[in-house]
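Analysis of the macromolecular model
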Amino acid sequence: MSKISENLIKINHRITEAACKVNRDPRDIQLITVTKTRNVAAIEEAIDAGATDIGENRVQEIREKFPEIGRRVRWHLIGHLQTNKVKYIVDSVDLIHSLDRYSLAEELNKKALKPVPVLVQVNVAQEESKFGLCVSETIDFVQQVAADCENIAIQGLMTIAPHVENVEETRIVFRQLRQLFEQIKSQDIAHVTMNYLSMGMSNDFEIAIEEGANMIRLGTAIFGPRN
Ligand SMILES: *Cc1c(COP(=O)(O)O)cnc(C)c1O
């Protein structure tokens, strides 16, 4: 068995354990296999081992790999998207996790042939180094995009937790995003669905699951360290 399949089996066990701990159904948690810096051969191996959803953070890498791998898998853009690159990916990507500003919403709205599924990226911990809206401005932003951009389908929220030594400290970040998610859901905003809560990476995914994540994005845990 390949190292990648072994890792995926272990990860699936860990997902199940984390979900069971809080009485959730593990089948409700979607694993995004983060393939940034990995070559097509490694990605093929992950697909053979059962990966169904591929996450990339750079437009250039999607442009290189998408033609070789195609639509056997779903494609997720999980990194910052420059407005001038929207045209390259808007029709290949299945879900954009990183809507982080109004100008990007406008550009996506203009370039898309059909409604683009997106998640709004929230910088819960307000880290300088990270993109995303702050918690307090997110609801207004969602309302405005929903009202103005008929070609955008907001389907949830995404965050990247701070990298901390004690991983337990990420819990509060995930909990805050979950609360915001429930708050937006309860507002029943037209054209907005709160289906996906994308949070949790290799080092913190179990805590994210305990706090309600239903999409987790793992790279290192599947493929090993990046160079
Ligand atoms: C790289 C990346 C991940 C995966 O990180 P790992 O620590 O390798 O699991 C998840 N989300 C985003 C946005 C990333 O850029």
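A few points on the structure. If you're wondering where the values come from, they're calculated on a predicted model, not measured in any experiment.

This part is about the packing of helix H5 (residues 102-111) against helix H6 (residues 135-148). If you want to describe how two helices pack, look at the angle between their axes and the distance between the axes. Viewed as axis vectors pointing N to C, H5 and H6 meet at an angle of 20°, and their least axial separation amounts to 11 Å. Our classification of the angle between H5 and H6 gives roughly parallel. As for the relative orientation of H5 and H6, their crossing is right-handed in sense. Packed against H5, whose contacting residues are Tyr 102, Ala 105 and Asn 109, the element H6 presents Phe 141, Gln 144, Val 145 and Asp 148 at the interface. Grouping the amino acids of the contact of H5 with H6 by side-chain chemistry returns 4 nonpolar, 2 polar and 1 charged.

Let's shift gears to the nonpolar core. With 69 residues, the main nonpolar core has Leu 108 and Leu 157 as its most contacted residues. Beyond its immediate stretch of four places on either side in the chain, Leu 157 contacts Leu 119, Val 120, Val 122, Thr 138, Leu 177, Leu 180, Phe 181, Ile 184, Met 194, Tyr 196, Leu 197 and Ser 198.

Glancing now at the pairing of strand E5 (residues 116-121). Counting buried residues in E5 gives 5 out of 6 residues, a clear majority hidden from the surface. For the handedness criterion, the β-α-β arrangement of strand E4 (residues 95-99), H5 and E5 is classed as right-handed. Of the strand pairs in this sheet, E5 and strand E6 (residues 152-158) are connected by 6 bridges, and their pairing is parallel. Looking at the pairing, Val 120 lines up with Leu 157 of E6. Considered for its hand, the β-α-β crossover made up of E5, H6 and E6 is right-handed.

Analysis parameters
- Residues numbered from 1 in each chain as written.
- Predicted model: local features only at pLDDT ≥ 70, side-chain atom pairs only at ≥ 80, totals over all residues.
- Heavy atoms only, no water.
- Axes fitted to C-alpha atoms, helices over the stretch in contact; angles between N-to-C directions.
- Helix = DSSP H or I, 4+ residues; strand = E, 2+ residues; numbered from the N terminus.
- Parallel < 35°, antiparallel > 145°, perpendicular 65-115°, else oblique.
- Left-handed = near helix turned anticlockwise from the far one by under 90°.
- Contact = heavy atoms within 4.5 Å.
- Nonpolar A, V, L, I, M, F, W, Y, C, P; charged D, E, K, R; others polar.
- Core = buried A, V, L, I, M, F, W, Y, C linked by side-chain atoms within 4.5 Å.
- Buried < 20%, exposed > 50% of the residue type's maximum accessible area, 1.4 Å probe, protein only.
- Right-handed = clockwise from strand over helix to strand, strands pointing away.
- Pairing = 2+ DSSP bridges.

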